[in-house]
Amino acid sequence: GTYTAILMAPGFVPAARTALVTAAGTAGLGVIRLDRSPDVQLPPPGRWTIDPVHSSITVIAKHLGIASVRVQIKRFAGVIEIAEPVQRSSVRAVMRADSVDTGSKMRDDHLRSPDFLDVDSYPLIEYAGTGLTPEGGEHWTVGGTLTLHGTTRPVPLDLDYQGTGPDAWGGTRAAFHATTRLHRDLFGIRWNESLLPGIPQIANELRVILEVQAVQGDLPDMIKSIAGDLPVI
């Protein structure tokens, strides 16, 4: 008989196709292309450079099971390549491990030591994202890998695209908010001390929050002068 198949995907306009199914029990629908929903506006394809002056990387860890310690990574650089189709887009980011900042020199020095990041042996933290999966509206999942403490593991990002607009230097920039969770023991960072029975001083699970502004093309000279010496991408 005659059947109608409706194909749907988050962020795309549904498409319907009708086919006559014969006694063999199969029918071909051919190649079906889904058009992107008109209410989903994305950055134009091309190279976008992360602006480190107007972006932030925050890592949050539970302390003694009740409070949170926030760690800022201050020195980083990155490039986003918006592709067509957008699902093939990619991102590369490099962070200097010795730029961690919690507001306490004693704590920061401990984080830089072999107990944690061991920055003398592993000076850089790197992220490589390859491919986007639409999750509906402005929400996406970035598939990527994180190299930390000499170990590379998959770390996806939950990404929200927040829009594109002009900036004060005559350029165009896009804004993104992303989050993820990771377990530091999977990267060989296992130090802990219990001050109370059964309660670790620092939790194993870390929450990461990224607030990113990216400039279309290269960074303006003013931003470069403020950012100073950044890791090489």
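J.: Explain the overall build of the chain here, please?
T.: Along the chain, the regular secondary structure elements total two helices and 16 strands. In summary, the chain has a C-alpha radius of gyration of 22 Å against a globular reference of 17 Å for 233 residues, an excess of more than 25%. Overall size of the chain, expressed as C-alpha extent along the three principal axes, is 75 × 50 × 30 Å. When the 233 residues of the chain are sorted by exposure, 38% land in the buried category. In the chain, once contacts between residues fewer than 6 apart in sequence are set aside, the share between residues at least 24 apart is 56%. Counting only carbon and sulfur atoms, one obtains 56% of the accessible surface of the chain, whose full area is about 13,000 Å². Of the side-chain charges in the chain, 21 are positive and 25 negative, and the distance between the mean point of each set is 2 Å.

J.: Would you explain the nonpolar core in this entry?
T.: General note: in soluble globular proteins, nonpolar side chains tend to be found buried as a group. Among the nonpolar cores identified, the biggest contains 44 residues, and Ile80, Tyr127, Leu146 and Phe176 are the most heavily contacted of them. Sort the elements by how many residues they give to this core and strand E16 (residues 202-216) lands first, with six residues.

J.: Would you mind going over the packing of aromatic side chains with me for this structure?
T.: Geometry of an aromatic ring pair is reported as the spacing of the ring centres plus the angle between the planes. Here the structure, examined in full by the defined rule, presents two aromatic pairs. On the basis of an interplanar angle of 55° and a centroid distance of 5.1 Å, the ring pair of Phe116 and Trp191 is categorised as tilted. Here Phe116 is found in the loop between helix H1 (105-112) and strand E9 (124-136), whereas its partner Trp191 is found in the loop between strand E13 (172-183) and strand E14 (194-196), with 75 residues between them in sequence. This pair shows no difference in class: Phe116 is buried, exactly as Trp191 is. Judged by centre distance (5.6 Å) and plane angle (40°), the rings of Tyr161 and Phe176 are tilted. Taken together, the residues Tyr161 in strand E12 (residues 157-166) and Phe176 in strand E13 connect sequence positions 15 residues apart. Here the two residues Tyr161 and Phe176 agree in accessibility, since each one is buried.

J.: Is there a simple way to think about the pattern of salt bridges in this case?
T.: Once their charged atoms are close, side chains differing in charge can pair, the charge on each being opposite to the other. Under the criterion given, the structure shown has seven salt bridges. In this structure, the salt-bridge partner of Asp218 is Arg47, at a minimum N-O distance of 3.5 Å. Of this pair, Asp218 sits in the loop between E16 and helix H2 (221-227) while Arg47 sits in strand E3 (residues 46-50), and the two are 171 residues apart along the sequence. A relative accessible area of 53% means that Asp218 is categorised as exposed. Between Arg181 and Glu205 there is a salt bridge, with the nearest N and O atoms lying 3.1 Å from each other. In this pair, Arg181 is assigned in strand E13 and Glu205 in strand E16, connecting sequence segments 24 residues apart. Residue Glu205 is classed as partly exposed on the basis of its relative accessible area of 34%.

Procedures and definitions
Every chain's residues receive numbers from 1 upward, in the order its sequence appears when written. With the structure being a predicted model, the display of local features is reserved for residues of pLDDT at least 70 and the display and counting of side-chain atom pairs for 80 or more, all residues being used for whole-chain, interface and lining totals. The side-chain values count all of the structure's non-hydrogen atoms but skip hydrogen atoms and water molecules. Only DSSP runs of H or I covering at least 4 residues are called helices, and only runs of E covering at least 2 are called strands; the numbering of each starts at the N terminus. The reference for a compact globule is 2.2 Å times residues^0.38; the radius of gyration itself is calculated from the C-alpha atoms. Remark: exposure states derive from per-residue accessible area (1.4 Å probe, protein chains only) relative to the maximum for the residue type, with buried under 20%, exposed over 50%, and partly exposed in between. Any two residues having at least one pair of non-hydrogen atoms within 4.5 Å are treated as being in contact. Note on areas: Shrake-Rupley, 1.4 Å probe, and residue coverage restricted to the protein chains presented here. The sign given to each residue is positive for Lys and Arg and negative for Asp and Glu; His and the chain ends receive no count. By convention, the charge on Lys lies at NZ, on Arg at CZ, on Asp at CG and on Glu at CD. In plain words, nonpolar cores are sets of buried Ala, Val, Leu, Ile, Met, Phe, Trp, Tyr and Cys residues tied together by side-chain atoms within 4.5 Å. Each pair of aromatic rings taken from Phe, Tyr and Trp, with Trp reduced to its six-membered ring, is defined by centres within 6.5 Å and is described as stacked if the planes are under 30 degrees apart, edge-to-face if over 60, and tilted in the remaining cases. Here, a salt bridge means any Lys or Arg side-chain nitrogen found within 4 Å of an Asp or Glu carboxyl oxygen.

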